[in-house]
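Breakdown of the fold
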Amino acid sequence: MSGCSKRCKLGFVKFAQTIFKLVTGTLSKDKIEDELEMTMVCHRPEGLEQLEAQTNFTKRELQVLYRGFKNECPSGVVNEETFKQIYAQFFPHGDASTYAHYLFNAFDTTQTGSVKFEDFVTALSILLRGTVHEKLRWTFNLYDINKDGYINKEEMMDIVKAIYDMMGKYTYPVLKEDTPRQHVDVFFQKMDKNKDGIVTLDEFLESCQEDDNIMRSLQLFQNVM
Amino acid sequence: MAAGVAAWLPFARAAAIGWMPVANCPMPLAPADKSKRQDELIVLNVSGRRFQTWRTTLERYPDTLLGSTEKEFFFNEDTKEYFFDRDPEVFRCVLNFYRTGKLHYPRYECISAYDDELAFYGILPEIIGDCCYEEYKDRKRENAERLMDDNDSENNQESMPSLSFRQTMWRAFENPHTSTLALVFYYVTGFFIAVSVITNVVETVPCGTVPGSKELPCGERYSVAFFCLDTACVMIFTVEYLLRLFAAPSRYRFIRSVMSIIDVVAIMPYYIGLVMTNNEDVSGAFVTLRVFRVFRIFKFSRHSQGLRILGYTLKSCASELGFLLFSLTMAIIIFATVMFYAEKGSSASKFTSIPASFWYTIVTMTTLGYGDMVPKTIAGKIFGSICSLSGVLVIALPVPVIVSNFSRIYHQNQRADKRRAQKKARLARIRVAKTGSSNAYLHSKRNGLLNEALELTGTPEEEHMGKTASLIESQHHHLLHCLEKTTNHEFIDEQMFEQNCMESSMQNYPSTRSPSLSSHAGLTTTCCSRRSKKTTHLPNSNLPATRLRSMQELSTIHIQGSEQPSLTTSRSSLNLKADDGLRPNCKTSQITTAIISIPAPPALTPEGETRPPPASPGPNTNIPSIASNVVKVSAL
């Protein structure tokens, strides 16, 4: 019974408020648009010479890269949303957002939530023009989601699941529930030398260098620019 | 693939290095960028006006004239520029499209000239940005009407799968244009509402005298006739109300709605009259009830959009109306009090009390001025004039607000309808183009397999054959191919997927078809389990034979009733957010007799490799690094 009287009181209060608003002419307030203060962060990268010195790209290549970068992100920084959207455009079949999230964290070395052009170009320089050692180290950093220096099975599961998500639904053969898990088991068998359930950087580097396939495929994107 | 995103392709490909350690199989070769061109400025001379841009800017949209090799036809060797004998004004918009990814429609431009230019440059008008799209479509429609061109605006005939009878009825009630029966019902009810209202009105008209008594209204003179008419109308209204009640998806909500209350109020007096006896005092009340019959006129609001908008406007202007009423009340009370005390002195004043003065104040403030009550004292006259002046002000102020509200809502309503109609067509076309991009990959994959096979036989001339895709397309496809290799699964399109499901379920359950397809979640699991069961039955002897064939020929890939996705229809140049969910429904009920065999692309294996490819994907064993495509032969 107390609930009923409380409801009645609330209803009465609301009614009184409505009458008041009706009388003062403020019944239908214009919805004050929340001014999303988009912090117009306008970031300008360091000079061309500096970037050329820091990375393995030539001036022309940096120019081409920057033009593409600026076109998509006029403010000079990429945030995670834009990153995901751009990456998703390349994979129309499935859902690339999880993998893009991990990629973003790998690019965003300072964990600020936004990727500047310098970070972008540094990472690309490693991936496209770096030594095998550097590439493998970058990949290890990508897999190590919590950046603690070790890859455990859960992290690997997340990564592999994200990769499989990009395939989408219409695959042949049909994706089973435990395909990622099997894939991860295969991976761990190969990588985890001392079978302690985690993969350290050294184990990773060693195992990858033993595998010809991986070595070959790392050179695949050498001349992407 | 969209606009400036093509510039991010190097990044996407670099990021693919993240998949490499995870993959078990070798990656396909990257397409070689044979033309090692540095990015250069090209000059576009359009009727004398020179535009300059980077070559890569134009190559963002490879399926337009400027982005493809078609522009080579316009290349002028002497001046080393591309010359187009077209309108430079429109070309500005076209070039801005390449630069920014957004196509704008300039208002001063003639719509057909603009359309011609877009057609010439191979750009779909559907990608006009949101800012200009409405204007474009409006102008286009105007133009079409002017030319008496019957542009079919297709009526949205949603073929909903087997609506229940109740749902069809409800739809027929809400939207009378869905079927002829609904239209007939609509007009019949409208007619009867009109008849009912007219009879109510005519009933009270004096009809001529019956000799020996005073003049009677028609209602009493021809009471039987009117009673029959009334009965008929109420019958119709009752039936209509009951039908609506039956068909309503939520009866409780329907009962609470305004229209149903009006319906009930309109027909209750009749029934109450039937039940009521001819008791003297009660029949007085009954006569008053008949006034509610006038509410039948509100039933017209179902038939008139304008009435509904008026009602909605009044509702939305409740604030202004409330304020108006309140301020009027304030003014009335003030002036009534003043007038009463001013006229108190004069003799035989009509202003007997303050409430009596209310009538004078209202009549004066609304500038009616009946003249039945007039002030006689000088003070009264002064205050009376102040009253009428202030009345004009107080009333005139909120009214334009209400009027403008009405106008805004009315136009908004019109525009909303327009936009709704346009949106569907537009989204459909954009969706088609988007699936074109994913289909482009599948199509080129099938073509590409042929190329790879030929490449390995070492005929360099044939490498260039069939390379209709631009470099960016081939790089994108290579990226998708790498993803396939990483996960050991292939992309297929929706129809093939459903076919596979169908076939696998057909194989093992020939008798019962539909139950296994009903639940979608169960579908994938049944599919996969059946798939693994089936493939283990493949005799090993089958495999080498097909593998041998793979080098020489491609077996036909039979796709039932699919469109022919050509590379040129991949209008993939749309800057869209990838948020279309592929909505699958494995509901195909046709049996297919397809023989599908996908030859294994022998990417890096030497000739004469005799190890058979594994029968099922993702096994627990470490697959040796060779081609691992499953060869599936299914025959029904």
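Throughout this document, residue positions are counted from 1 along each chain, in the order its sequence is written. Working convention: letters from A go to chains and numbers from 1 go to ligands, in the order in which they are written. Per-residue local features are limited, in this predicted model, to residues with pLDDT of at least 70; the limit for side-chain atom pairs, both in listing and counting, is 80 or more; totals at the level of whole chains, interfaces and linings are taken over all residues. Computation of side-chain values: all heavy atoms of the structure, hydrogens and water removed.

1. A word on the overall build of chain A
Think of it this way: any DSSP run of H or I at least four residues long counts as a helix, any run of E at least two long counts as a strand, and we number them from the N terminus. From N to C terminus, chain A includes 11 helices and five strands. Here the term buried applies to any residue with accessible area under 20% of the maximum for its type, exposed to any over 50%, and partly exposed to those in between, with areas from a 1.4 Å probe on protein chains only. Burial analysis of chain A (225 residues in total) assigns 41% to the buried set. Only heavy atoms enter the contact rule, under which two residues are in contact if any of them lie within 4.5 Å. Considering only contacts within chain A whose residues lie at least 6 apart along the sequence, 59% involve residues at least 24 apart. We get accessible surface area from the Shrake-Rupley algorithm with a probe of 1.4 Å; when it comes to residues, only the shown protein chains can shield them. With the model as given, the accessible surface of chain A reaches about 12000 Å², and the carbon-plus-sulfur share is 54%.

2. Quick word on a nonpolar patch on the surface
Exposure above 30% relative accessible area and no salt bridge define the residues that can form patches, which grow by joining like charges within 9 Å and nonpolar side chains of Val, Leu, Ile, Met, Phe, Trp and Tyr within 5 Å. Should a side-chain nitrogen of Lys or Arg be within 4 Å of a carboxyl oxygen of Asp or Glu, the pair is scored as a salt bridge. Together, Ile-378, Ile-382, Phe-383 and Ile-386 of chain B make up a nonpolar patch on the protein surface, roughly 380 Å² of accessible area in all. By the secondary structure assignment, Phe-383 of chain B is in helix H16 (residues 378-396).

3. Brief notes about a positive patch on the surface
We treat Lys and Arg as the positive residues and Asp and Glu as the negative residues; His and chain ends play no part in the count. Think of each charge as sitting on NZ of Lys, CZ of Arg, CG of Asp or CD of Glu. Among the surface-exposed residues, Arg-415, Arg-419, Lys-423 and Lys-424 of chain B lie close enough to one another that they form a single positively charged patch. By secondary structure assignment, the location of Lys-424 of chain B is in helix H17 (residues 398-456).

4. A short note on the pattern of salt bridges
Residues and elements named next belong to chain B. Counting across every chain of the model gives 21 salt bridges over all chains. Ionic pairing is found between Arg-49 and Glu-89, a salt bridge with its closest N-O pair at 3.0 Å. Here the residue Arg-49 occupies a position in strand S2 (residues 49-54), and Glu-89 occupies one in helix H3 (residues 88-100), the gap between them amounting to 40 residues. Judged by its relative accessible area of 33%, Arg-49 falls in the partly exposed class. For Glu-81, the salt bridge identified is with Arg-50, shortest N-O distance 3.1 Å. Linking Glu-81 in strand S4 (residues 81-84) with Arg-50 in strand S2, this pair joins segments that are 31 residues apart in sequence. A relative accessible area of 6% means that Glu-81 is categorised as buried. Within the structure, one salt-bridge network assembled from shared partners comprises Glu-240, Arg-244, Asp-263 and Lys-299.

5. With respect to the UniProt feature "transmembrane region" (unreviewed entry) in chain B
Residue and element names in this part refer to chain B. UniProt positions are given in the numbering used here, feature names are shortened, and annotations may be inferred rather than shown by experiment. UniProt's entry tags residues 181-202, 222-243, 255-276, 321-342, 354-370 and 382-403 with the feature "transmembrane region" (unreviewed entry), counted in the numbering of this structure. In this annotation, residues 222-243 is assigned 95% helix and 0% strand; the end-to-end C-alpha distance for the span is 32 Å. The annotated region residues 321-342 carries 100% helix and 0% strand content, and the separation between its end C-alpha atoms amounts to 31 Å.

6. Let's talk about the environment of Glu-206 of chain A
All names here are of chain A. By the element assignment, Glu-206 lies in helix H10 (residues 201-210). Taking relative accessible area as the criterion, Glu-206 reaches 43% and is therefore assigned partly exposed. Glu-206 sits 13 residues away from Lys-193 along the chain, and the two C-alpha atoms are 9.2 Å apart.

7. A closer look at the packing of helix H9 (residues 223-247) of chain B against helix H11 (residues 258-275) of chain B
Residues and elements named next belong to chain B. Angles shown run from 0 to 180 degrees and are taken between the N-to-C directions of axes, each axis being a line fitted to C-alpha atoms and, for helices, limited to the stretch in contact. Closest axis-to-axis distance for the H9/H11 pair is 10 Å, and the angle between their directions is 135°. Taken together, the axes of H9 and H11 lie oblique to each other. For H9 against H11, the interelement crossing comes out left-handed. The segment H9 lies against H11, with Phe-227, Asp-230, Thr-231, Val-234, Met-235, Phe-237, Thr-238 and Tyr-241 engaging Ser-260, Asp-263, Val-264, Ile-267, Tyr-270, Tyr-271 and Leu-274. Three classes are used, and their members are as follows: Ala, Val, Leu, Ile, Met, Phe, Trp, Tyr, Cys and Pro are nonpolar, Asp, Glu, Lys and Arg are charged, and the others, Gly among them, are polar. Split into classes, the residues belonging to the contact of H9 with H11 amount to 10 nonpolar, three polar and two charged. The cut-offs work like this: below 35 degrees is roughly parallel, past 145 is roughly antiparallel, 65 to 115 is roughly perpendicular, and the gaps in between are oblique. By convention, the crossing between two helices is left-handed when the near helix turns anticlockwise from the far helix through less than a right angle, and right-handed when the turn is clockwise.

8. A few points about the nonpolar core
Definition used in this section: a nonpolar core is a set of buried Ala, Val, Leu, Ile, Met, Phe, Trp, Tyr and Cys residues joined via side-chain atoms within 4.5 Å. In terms of nonpolar packing, the biggest core is built from 76 residues, with Tyr-87, Phe-91, Leu-103, Phe-120 and Met-156 of chain A together with Phe-11 and Trp-19 of chain B touching the most fellow members. If sequence neighbours within four positions are ignored, Leu-103 of chain A has contacts with Phe-83, Tyr-87, Trp-138 and Leu-142 of chain A together with Phe-11 and Ala-15 of chain B.

9. Let's talk about the sheet that holds S2 of chain B
All names here are of chain B. Pairing between strands requires that DSSP locate at least two bridges from one strand to the other. One open sheet accounts for four strands, arranged S2-S1-S4-S3; its pairing is mixed. The open sheet terminates on both sides in strands that have one partner only, identified here as S2 and strand S3 (75-76). When strand S1 (residues 41-46) meets S4, the two strands line up parallel, connected through three bridges. Looking at the pairing, Leu-44 lines up with Tyr-82 of S4.

10. What about helix H6 (residues 117-129) of chain A?
Residue and element names in this part refer to chain A. The first and last C-alpha atoms of H6 sit 17 Å apart over 13 residues, in line with the 18 Å expected at 1.5 Å per residue. Burial within H6 is extensive, with 10 of its 13 residues counted as buried. Those residues of H6 that fall on the buried side of the exposure criterion are Phe-117, Glu-118, Asp-119, Phe-120, Val-121, Ala-123, Leu-124, Ser-125, Leu-127 and Leu-128. A helix is expected to span 1.5 Å for every residue after the first.

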